[in-house]
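Working through the structure, step by step
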Amino acid sequence: MKLKVTLIFVVAFLLCLAVSGTVLCEPVSEITTLTITSDPEGADIYLNGQKLDQQTPLTLENLQPGQEIELVLRKPPLYKKSIPKKVTVKPGKNNVFIPIPETWYYYMWLYLPTLLKAAGMTLFLTIIAVFNGIIIGTFTGIFRVVHNKLLNTIAGIYVDFTRGTPLLVQIFMIHFGTPPIIGHLLGTGNPVPINPFVSALLALSINSGAYVAEIIRAGIQSIDVGQMEAARSLGMTYRQAMRFIILPQALKRVIPPLGNEFIAMLKDSSLVSVIGMEELVRRAQVIITRTYRPTETWIEVGLIFLIMTLPFTRLVAYLERRLKTSD
Amino acid sequence: MIKVVNLHKRYRHLHVLKGISTEIQQGEVVCIIGPSGSGKSTFLRCINLLEKPSEGHIYIENIDVTDHSRINVNEVRAEVGMVFQRFNLFPHLTALENITIAPVKIRGLSTEEAQDRAYKLLERVGLRHKADAYPEQLSGGQQQRIAIARALAMKPKALLFDEPTSALDPEMIQEVLDVMKDLAHEGMTMVVVTHEMGFAREVAKRVLFMDDGQILEEGTPQAIFSTPKNERTKQFLSKIL
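Description of the structure in this document. Just so we're clear, the structure is a prediction, and the values are computed from it rather than from any experiment.

What counts, and at which threshold
- Residues numbered from 1 in each chain as written.
- Chains lettered and ligands numbered in written order.
- Predicted model: local features only at pLDDT ≥ 70, side-chain atom pairs only at ≥ 80, totals over all residues.
- Heavy atoms only, no water.
- Helix = DSSP H or I, 4+ residues; strand = E, 2+ residues; numbered from the N terminus.
- Rg over C-alpha atoms; globule rule 2.2 N^0.38 Å.
- Buried < 20%, exposed > 50% of the residue type's maximum accessible area, 1.4 Å probe, protein only.
- Contact = heavy atoms within 4.5 Å.
- Areas by Shrake-Rupley, 256 points an atom, 1.4 Å probe, with all protein chains shown as cover.
- Pairing = 2+ DSSP bridges.
- Axes fitted to C-alpha atoms, helices over the stretch in contact; angles between N-to-C directions.
- Core = buried A, V, L, I, M, F, W, Y, C linked by side-chain atoms within 4.5 Å.

Helix and strand counts for chain B come out as nine helices and 10 strands. Taken over the C-alpha trace, chain B has a radius of gyration of 18 Å; the compact-globule value for 241 residues is 18 Å, and the two agree within 12%. Seen through its C-alpha atoms, chain B measures out along the principal axes to roughly 55 × 45 × 30 Å. In chain B, which comprises 241 residues, the proportion classed as buried is 58%. Looking at chain B alone, contacts between residues at least 24 apart form 66% of all its contacts between residues at least 6 apart. In the structure as shown, chain B presents an accessible area of about 10,600 Å², 45% of it carried by carbon and sulfur atoms.

Residue and element names in this part refer to chain A. Spatial ordering of the open sheet is given by S4-S1-S7, a layout of three strands whose pairing is mixed. Either end of the sheet is taken by a strand with one partner, and the two such strands are strand S4 (58-60) and strand S7 (93-99). Going across the sheet, the axis of each strand differs from the next one's by a mean of 20°, ignoring polarity. The sheet contact formed by strand S1 (residues 33-39) and S7 spans seven bridges and is parallel. Following the sheet pairing, Thr-33 is matched in S7 by Lys-93.

Another aspect to go through is unusual backbone geometry. In this structure, the amide linkage connecting A:Asp39 to the following residue, A:Pro40, adopts the cis form with an omega of -5°. Structurally, A:Pro40 can be placed in the loop between S1 and strand S2 (44-47). Following A:Thr56, the chain continues to A:Pro57 via a peptide bond in cis, the omega torsion being -10°. Relative to the elements of secondary structure, A:Pro57 occurs in the loop between strand S3 (50-55) and S4. Its identity as a non-glycine residue notwithstanding, A:Tyr292 has a phi of 55°, on the positive side. Relative to the elements of secondary structure, A:Tyr292 occurs in the loop between helix H8 (280-291) and helix H9 (294-326). Exposure remark for A:Tyr292: the relative accessible area of 67% places this residue in the exposed category. Although it is not a glycine, B:Asn62 sits at a positive phi angle of roughly 70°. You can see B:Asn62 is positioned in the loop between strand S4 (55-60) and strand S5 (63-64).

Within a beta sheet, neighbouring strands are joined by backbone hydrogen bonds and run either parallel or antiparallel to one another. Residues and elements named next belong to chain B. Reading across the sheet, the four strands line up as S2-S1-S4-S5 and stay open at both edges, with antiparallel pairing between neighbours. Each having just a single partner strand, strand S2 (14-24) and S5 make up the two edges of the open sheet. Note: strand S1 (residues 2-11) against S4, five bridges, orientation antiparallel. Counterpart to Ile-2 in the pairing with S4 is Ile-60.

Counting 59 residues, the largest nonpolar core has A:Ile220, A:Ile245 and B:Phe43 as the members making the most contacts within it. Ranked by the residues each element gives to this core, the list is headed by helix H7 (residues 238-268) of chain A, at nine residues. Look past the residues within four positions of A:Ile220 in its chain and what remains in contact with it is A:Ile142, A:Val145, A:Met242, A:Ile246, A:Leu247 and A:Ala250. In terms of nonpolar packing, the next biggest core, distinct from the first, is built from 49 residues, B:Val29, B:Leu168, B:Met190 and B:Ala204 among them.

Keep in mind these values describe shape, not function.
Below is the structure:
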């Protein structure tokens, strides 16, 4: 896109140069001209409300110096009417460049590939973070229920801290808070900056781990105590009972809430845009600084998020229904 | 076979068992009766250490199982089977797997050996055709019979029953009691907490009447049911019979 715009500028520039070149080479004439260029080219020209037969780029001749004209360009169906431009014709050569804004649907279409690519990053980030979260959370969740004070405490502090502080703060802590510590540990004293992708992944994984831990804990504790007693009465150790009896049942119950966690993480991952991680939201912000079209961009971003979450929402609902009937 | 000496169990402020002493012989069937909250179940659960006794000693084949420095709790439990009021079958396993899992994982039996044993046990409780059914597909009575087979698969020296028929529909009680009677006739050592006075009268060699954490009276079923000596026993039996 960027390339295309630049290219057009270059072409327009060369065109102007060529036009002025030919003019310069010729003997000075008294003809007053107006060259109309636009982005994109090939637009209909309305001169004082009157549609001309030709399209941009176009050089109008036989104009009177001092004449005032109003130009509006149109290029249906993908572009809107350009903002009316008033031109006061000066003697000699006049140039006017008029950008024509895309219609909302063409704008969205144009930026869709860029945004979808960024959405792919969001999805990738979320999948890896939740995957890490499941690994961290399974251990932490088990640590919260086993009969071991030390493990209970460590897991408890981790879960409470992570669930009790904003994800945004956690992201800042990792991205901006740890570089000085790493620098200090390395002995140089200079902060060691962390790649935004690494910070983002770390923050989201740690955050997800705590929530998954609570899901796993709840899953384990939702299993009737009679199951543990029956397993122990057969002579199983606590470990065996957990592994063969409790966890297989708990993990089944845990699947729907894990789906919900994935959906939540998909949405919350947008927070890493603040540290410059190029995901969907960050990409949209960058686009808007260039196009000044926040409305269409944010609506499009919202729709992309919705399309990503909807299948999972449905899947979770389906799994919940199925588990209910089998319980 | 099982000898209990001055067993106490306390939960914080609650004194549930207040000095239980009794002895259960090899092949004996003992029924424990008594009102709710009298400590019957707690007593039973103490025998296979699902509850940790606060005081006193339990000897199983002359080994003090309350001495944690010398015994492995898990090995004790493997020797004493337990059947629960709510069956507690493993819902994610089939009937067959419910029976084979402990022998395979704990006794180290091969899957074939364990299945062999399991099919024989299923035959014994009359549920050979339900081997591949999941617990949720079985009636309460069938589930309890599977639970008994599961306990038997570990070849326990004794079986403890914690109100095995209390959660059953009346028409399913008999099928479970029949299985228990067969076991009793085969010489299994059984301790049964029950409200089934008919069963106690017919099968038990000895009946213990418990109230308020103590054994108030014990004797043959005839002695307890026909000529109870303790006032509390009389009162209880008059309400129940």
